[in-house]
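Below are the chains, spelled out letter by letter.
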Amino acid sequence: MNKRKFLIAGNWKMNGGPLEAAELLEGIKNSKKEISEEVDVLVCPPFVSLGMAVNYLYDSEVQVGAQNFYYEENGAFTGEISATMLAESGCNFVLVGHSERRQYFAETDETVNKKVVKALSEKLAPVICIGETLEQRKENIHFDLVSDQITAALKGITSNDALDTVVAYEPVWAIGTGETATPEQAQEMHKFIRQELEKIYDEETASAIRILYGGSMKPGNAKELLSQDDVDGGLIGGASLSAESFTEIISIAEELS
Ligand code: 13P
């Protein structure tokens, strides 16, 4: 099958202030002198390190994204950052609806949708994060849940705009736990998500949208996961904080391209 271009994305979460971020980016540049055009690479540092990362990576293929923003344009929203500000800072991507934001910061399907709409209007590609908890999987409601999440996130988004989105399937039980979905479990859910996208849009749109896997992806399991037909990359937490393991995953994606 004609697979989509891989996207290997590092979500640094609340790690990497400007000093640490500079070290990590230097490590990535040193251990990966050239990145194949066949693979897109993205790092998502915390807000305070975005400007530095954009400057540092100006001559590199590595792109910069943010981990969150607020969907209003501007105004009295103390502590928040707008999509316009992210675009102006040189970001091309932004994570939306990560499970940690849903769990700790009251992110809902509704706010996720507002953010997807806003990100697209600012030419930021939203990486829409979805995925079930262990309890939901045990209750066998994981497919319904994921279907609801993706449908809600894309409400009102045209197929043309949907092409600029990325979906990240991140089973909550596999995030930061060392436990990974098996390649079969990942493929099963990714295929399901693609079918849902086809229901919302059409086959052509669904087959063009990248669906990343996230949840304890590391060099040791990346090859098997990325080999699955509907796995188009990774959203990597812990393993993206080491230049060595992150670049190793990029190399694995290059080999599979
Ligand atoms: P880990 O790779 O640390 O499990 O985190 C995954 C994740 O949440 C990426 O967004």
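Please read all numbers here as calculations on a predicted model, not as lab measurements. (Residues numbered from 1 in each chain as written. Predicted model: local features only at pLDDT ≥ 70, side-chain atom pairs only at ≥ 80, totals over all residues. Heavy atoms only, no water.)

1. Some words on the site of the ligand
Rules: If a single non-hydrogen atom of a residue is within 4 Å of a molecule or strand, that residue counts as near it. Definition of a polar contact: a pair of N or O atoms within 3.5 Å, with one able to donate and the other able to accept a hydrogen when the atoms are protein atoms, and with sequence-neighbouring residues admitted only if both atoms are side-chain atoms. Accessible surface area values rest on a Shrake-Rupley calculation with a 1.4 Å probe, where residue burial reflects the displayed protein chains alone. Gly is placed with the polar residues, together with every amino acid not listed as nonpolar (Ala, Val, Leu, Ile, Met, Phe, Trp, Tyr, Cys and Pro) or charged (Asp, Glu, Lys and Arg).
Taken together, the neighbourhood of the ligand is formed by Asn11, Lys13, His98, Glu170, Ala174, Ile175, Gly176, Gly215, Ser216, Leu235, Gly237 and Gly238. Taking His98, its side chain carries an N or O atom lying 2.8 Å from an oxygen atom of the ligand. The backbone of Ser216 places a nitrogen or oxygen atom 2.7 Å from an oxygen atom of the ligand. Compared with its free state, where it exposes 300 Å², the ligand has 95% of that area covered by protein. For the shell around the ligand, a count of residues per class yields three nonpolar, seven polar and two charged.

2. Some points on the sheet that holds strand β5 (residues 125-130)
Note the threshold: Whether two strands pair depends on DSSP finding at least two bridges between them. The way it works is that DSSP assigns letters per residue, a run of H or I at least four long becomes a helix, a run of E at least two long becomes a strand, and they are numbered from the N terminus. For helices, the axis comes from a line fit to the C-alpha atoms of the stretch in contact; other axes are also lines fit to C-alpha atoms, and the angle between any two N-to-C directions lies between 0 and 180 degrees.
Read around the closed barrel, eight strands run β1-β2-β3-β4-β5-β6-β7-β8, paired in parallel fashion. Across the sheet, the mean angle separating the axes of adjacent strands is 25° when strand polarity is ignored. Examined bridge by bridge, strand β2 (residues 39-44) and strand β3 (residues 63-66) share two bridges and lie parallel to one another. Looking at β3, one finds that Leu42 is bridged to Gln63.

3. Observations regarding the packing of aromatic side chains
Heads up, the rule is: What counts as a ring pair is set by centres within 6.5 Å for rings of Phe, Tyr and Trp (its six-membered ring), and what kind of pair is set by the plane angle: stacked under 30 degrees, edge-to-face over 60, tilted for all other angles. Buried, partly exposed and exposed residues are distinguished by accessible area as a fraction of the type maximum, computed with a 1.4 Å probe on protein chains only: under 20%, between the cut-offs, and over 50%, respectively.
For the coordinates displayed, the defined rule picks out five aromatic pairs. Their ring planes at 40° and their centres at 4.6 Å tell us that Tyr70 and Tyr71 sit as a pair that is tilted. Residue classification places Tyr70 among the partly exposed positions, given a relative accessible area of 21%. Exposure remark for Tyr71: the relative accessible area of 18% places this residue in the buried category. Counting every residue linked through ring pairs, the aromatic cluster contains Tyr70, Tyr71 and Phe77.

4. What to know about a negative patch on the surface
Selection rule: Like-charged residues are merged into a patch within 9 Å and nonpolar side chains (Val, Leu, Ile, Met, Phe, Trp, Tyr) within 5 Å, provided each residue has over 30% relative accessible area and no salt bridge. A pairing counts as a salt bridge when a side-chain nitrogen of Lys or Arg comes within 4 Å of a carboxyl oxygen of Asp or Glu. His is not counted here, nor are the chain ends, while Lys and Arg score as positive and Asp and Glu score as negative. By convention, charge coordinates are those of NZ in Lys, CZ in Arg, CG in Asp, or CD in Glu.
On the surface, a cluster of negative charge is contributed by Glu34, Glu37, Glu38 and Glu61. Checked against the element boundaries, Glu61 lands in the loop between α2 (47-56) and β3. Looking at Glu61, the relative accessible area reads 46%, which means it is partly exposed.

5. Some words on helix α11 (residues 219-226)
So the rule is basically this: Read the arc as the range of directions from the helix axis to the C-beta atoms. The contact rule is simple, with two residues in contact once any of their heavy atoms fall within 4.5 Å.
Listing the buried residues of α11 in full gives Asn221, Ala222, Leu225 and Leu226. Across the axial projection of α11, the buried residues extend over an arc of 125°, all falling on one side. Exposed positions of α11 whose direction lies more than 90 degrees from the buried face are Gly220 and Glu224. The secondary structure elements touched by the buried residues of α11 are β1 (6-11), α9 (183-200), β7 (210-214), β8 (233-236) and α12 (243-256).

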